Amino acid sequence: MSLINRLFGGENAKKRRRAEALHGLVIQYVTERHGDNEDVVGRGGNLALHGDEFLVFSSGEILLRVDYRELEISELMSGDGVILRGPNLEEGGKIRTVTAHYVYHRK
């Protein structure tokens, strides 16, 4: 094991830290791209890390449930949200990509 991996925990530890950083964030709405259209698939809700699973909870249901080790996280350049991609355990492992837009909070 390299010194870097011993110090920082490797790829899985990095993914866990990214998922933990998103845990508890409140979302205003969630979108998903279908062809040329981006449709709103949920309003309100939050992002959560529960055990090894990362959840996008919106409109009273779980829209995305992914093992954090398989989750791809990309922040929007505006800083107003995050793109999440991975095999959705709610749909038998179907790959799903959603964009969660945060509730605006003045910092």
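Residues numbered from 1 in each chain as written. Predicted model: local features only at pLDDT ≥ 70, side-chain atom pairs only at ≥ 80, totals over all residues. Heavy atoms only, no water.

J.: Whenever I open this one, the overall build of the chain confuses me. Can you help?
T.: Within the chain one finds two helices and eight strands. In the chain, the order of α-helices and β-strands from amino to carboxyl end is α-α-β-β-β-β-β-β-β-β. In the chain, buried positions account for 32% of the 107 residues. Sequence-distant contacts, at least 24 apart, represent 38% of the contacts inside the chain between residues at least 6 apart. Per element, the accessible surface of the chain, about 6,900 Å² overall, is 50% carbon and sulfur. (Helix = DSSP H or I, 4+ residues; strand = E, 2+ residues; numbered from the N terminus. Buried < 20%, exposed > 50% of the residue type's maximum accessible area, 1.4 Å probe, protein only. Contact = heavy atoms within 4.5 Å. Areas by Shrake-Rupley, 256 points an atom, 1.4 Å probe, with all protein chains shown as cover.)

J.: Quick question: what am I supposed to make of the packing of aromatic side chains here?
T.: Where two aromatic rings form a pair, the distance of their centres and the angle of their planes describe that pair. Summed over all chains, the structure comprises zero aromatic pairs. Its guanidinium or amino end placed over the ring of Tyr68, Arg16 lies 5.1 Å from that ring's centre, counting from NZ or CZ. (Phe/Tyr/Trp six-rings, centres within 6.5 Å; stacked < 30°, edge-to-face > 60°. Lys NZ or Arg CZ within 6 Å of the ring centre and 35° of its normal.)

J.: Hey, could you run me through the sheet that holds strand S3 (residues 46-50) in this one?
T.: Taken in spatial order, the three strands make up an open sheet running S3-S4-S5, and their pairing is antiparallel. Since the sheet does not close on itself, it has two edges, and those belong to S3 and strand S5 (61-67), each with one partner. The average angle at which neighbouring strand axes cross in this sheet is 20°, direction not considered. With respect to the sheet, helix H2 (residues 10-22) is in contact with S3 and strand S4 (53-58), its orientation differing from that of S3 by roughly 135°. (Pairing = 2+ DSSP bridges. Axes fitted to C-alpha atoms, helices over the stretch in contact; angles between N-to-C directions.)

J.: I would appreciate a short explanation of the side chain of Arg96 in the present structure.
T.: Among the structural elements, Arg96 can be located in strand S8 (residues 94-102). By relative accessible area, which is 12% here, Arg96 ends up buried. At 3.0 Å, the side chain of Arg96 forms a polar contact with the side chain of Glu32. With residues near it in sequence (within four places) discarded, Arg96 still touches Glu32, Val41, Leu63, Leu64, Leu84, Arg85, Gly86, Asn88 and Glu91. (Polar contact = N/O pair within 3.5 Å; in protein donor to acceptor, adjacent residues only side chain to side chain.)

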